[in-house]
Amino acid sequence: MKIVLLGPPGSGKGTQAAVLAKDLGYAHISTGEILREEIRKNSPLGLQAQEFVKSGKLVPDGVVISIVKERTKKEDCKNGFILDGFPRTIPQAEALEKEGITIDKAVSLEVTEEECVRRLGDRKSCPQCGAVYNPVTRPPKNEGICDQCSSALIQREDDKAQTIRERFRVYSQKTAPLLDFYKKSKRLFSLDGHLNPEKVLTNLKNLV
Ligand code: AMP
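Residues numbered from 1 in each chain as written. Predicted model: local features only at pLDDT ≥ 70, side-chain atom pairs only at ≥ 80, totals over all residues. Heavy atoms only, no water.

Asks: Sorry if this is basic, but what is going on with the environment of Ser-185 here?
Replies: Topologically, Ser-185 is positioned in the loop between helix 8 (177-184) and strand 7 (188-192). In sequence terms Ser-185 and Ile-67 are 118 residues apart; their C-alpha atoms lie 25 Å from each other. A polar contact of 3.4 Å, which involves the side chain of Ser-185, links it to the backbone oxygen of Phe-181. (Helix = DSSP H or I, 4+ residues; strand = E, 2+ residues; numbered from the N terminus. Polar contact = N/O pair within 3.5 Å; in protein donor to acceptor, adjacent residues only side chain to side chain.)

Right under this line is the structure:
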């Protein structure tokens, strides 16, 4: 099955996608994480993307579409995959269909902006491996240190207050119209993302 997780920044897409993908034996495709990895490597793609990512703006459609086109051809996608953070615009969603990649279900995690802002403000990330932590729902074993690679945790540049506001502006302008896009083709499902992460996961599993 091919699943898209939709929701504003901080709605829990990344956390849920990672666990669900592991449980189902699907690939987890996070365009944000792919871009951050390229930025960490200082690759040409990373250099091209870094200003957009840092400022909370969208990387141009053509760039992310080709990333996803290539990524979905990999062996680990053959059972299915979960897209997290893609599509983020109508042209990106249309590009998938044009490639013959038909999304079975789009699941929207419904969380208020106020709650998302609170979660993003608390969030700490590993600059080395990309792992994400939250002081309440996913604290690291040792404060400020990544469980996976022992690097010092940081607040992502784009999780800072003024950039969060820009990401929300972009979300409502460019990404929210996707809810209608998938609703029209009867592929949209909504979940309450305010529940605790275990409950959201259970509801997600019942849906897909
Ligand atoms: P995320 O980790 O999904 O919050 O993404 C972090 C940042 O990466 C976004 O704010 C954008 O700058 C960029 N990005 C990730 N996915 C996309 C996408 N599908 N289209 C354009 N930009 C993206």
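Asks: Can you walk me through the sheet that holds strand 1 (residues 2-6) in this structure?
Replies: The pairing of strands in a sheet happens through backbone hydrogen bonds and is either parallel or antiparallel. With parallel pairing, the 5 strands of this open sheet are ordered in space as 2-3-1-4-7. Of all strands in the sheet, those with a lone pairing partner are strand 2 (27-30) and strand 7, marking the two edges. Neighbour to neighbour, the strand axes of the sheet diverge by 20 degrees on average, direction disregarded. Sheet topology places strand 1 next to strand 4 (residues 105-110); 4 bridges connect them, and they run parallel. From the neighbouring strand, Val-4 faces strand 4, where its bridge partner is Ala-106. Along the sheet, helix 9 (residues 197-207) contacts strand 1, strand 4 and strand 7; its crossing angle with strand 7, the most-contacted strand, is approximately 160 degrees. (Pairing = 2+ DSSP bridges. Axes fitted to C-alpha atoms, helices over the stretch in contact; angles between N-to-C directions. Contact = heavy atoms within 4.5 Å.)

Asks: When you look at the layout of surface pockets in this model, what are you seeing that I'm missing?
Replies: Over the atoms rolls a probe the size of a water molecule, and its path tells where empty space is left. Counted as a void, the second largest pocket has a volume near 340 Å³. Around the second largest pocket, the lining comprises 16 residues; the ones closest to its centre are Arg-36, Ile-39, Val-53, Arg-156 and Glu-157. Mapped onto the lining of the second largest pocket, the elements with two or more residues apiece are helix 2 (31-41) and helix 3 (44-55). Top element by residues in the lining of the second largest pocket is helix 2. It accounts for 4 residues. Grouping the amino acids of the lining of the second largest pocket by side-chain chemistry returns 6 nonpolar, 3 polar and 7 charged. (1 Å grid on protein atoms, 1.4 Å probe; cavity = no way out; pocket = protein on both sides within 12 Å on 5 of 7 lines; lining within 4 Å. Points joined across faces, edges and corners; volume = space filled by probe spheres on them. Nonpolar A, V, L, I, M, F, W, Y, C, P; charged D, E, K, R; others polar.)

Asks: Honestly, the nonpolar core in this entry has me stumped. Any pointers?
Replies: If you look at soluble globular proteins, the nonpolar side chains tend to sit buried side by side. Core analysis: the biggest nonpolar cluster contains 26 residues, and Leu-83, Leu-96 and Tyr-182 have the highest contact counts within it. Residue assignment for this core shows that the elements contributing at least two residues are strand 1, strand 2, helix 3, helix 4 (61-71), strand 3 (81-84), helix 5 (90-98) and helix 8. Setting aside chain neighbours within four positions, we find Leu-96 in contact with Val-68, Leu-83, Phe-86, Pro-87, Ile-101, Ile-103 and Tyr-182. Grouped together as the second largest cluster of nonpolar side chains are 14 residues, Ile-3, Ile-82, Val-107 and Leu-201 included. (Core = buried A, V, L, I, M, F, W, Y, C linked by side-chain atoms within 4.5 Å. Buried < 20%, exposed > 50% of the residue type's maximum accessible area, 1.4 Å probe, protein only.)

Asks: What am I meant to see in helix 7 (residues 161-175) here?
Replies: Helical periodicity: at 3.6 residues per turn, an α-helix aligns residues three or four positions apart in one direction. Its 15 residues give helix 7 an end-to-end C-alpha distance of 20 Å, which sits within 8% of 21 Å, the value for a rise of 1.5 Å per residue. Those residues of helix 7 that fall on the buried side of the exposure criterion are Thr-163, Ile-164, Glu-166, Arg-167, Phe-168, Val-170, Tyr-171 and Thr-175. On the buried face of helix 7, the contacting elements are helix 3, helix 6 (113-122) and helix 8. (Expected span 1.5 Å × (residues − 1).)

Asks: What is the right way to look at the environment of Thr-102 in this model?
Replies: With respect to the helices and strands, Thr-102 occurs in the loop between helix 5 and strand 4. With a relative accessible area of 42%, Thr-102 lands in the partly exposed category. For Thr-102 and Lys-54, which are 48 residues apart along the polypeptide, the C-alpha to C-alpha distance reads 31 Å. Setting aside chain neighbours within four positions, we find Thr-102 in contact with Lys-2 and Arg-187.

Asks: Quick question: what am I supposed to make of the state of the cysteines here?
Replies: What makes a disulfide is a covalent bond joining the sulfur atoms belonging to two cysteines. Within the structure shown, the criterion is met by 0 disulfides. Of all cysteine sulfurs, the one in Cys-129 lies closest to Cys-146, which takes part in no disulfide; the gap is 3.7 Å. Here Cys-149 is not cross-linked by a disulfide; its sulfur's nearest cysteine counterpart is in Cys-126, at 3.4 Å. Residue classification places Cys-149 among the partly exposed residues on the basis of a relative accessible area of 31%. (Disulfide = S-S within 2.5 Å.)

Asks: Help me out: how do you make sense of the packing of aromatic side chains in this one?
Replies: How two aromatic rings sit relative to each other is given by the distance of their centres and the angle of their planes. Under the defined criterion, the tally for this structure stands at 1 aromatic pair. A ring pair is formed by Phe-181 and Tyr-182, whose centres lie 5.0 Å apart and whose planes are at 85 degrees; its orientation type is edge-to-face. Over the ring of Phe-189 we find Lys-105, and its NZ or CZ is 5.2 Å from the ring centre. (Phe/Tyr/Trp six-rings, centres within 6.5 Å; stacked < 30°, edge-to-face > 60°. Lys NZ or Arg CZ within 6 Å of the ring centre and 35° of its normal.)

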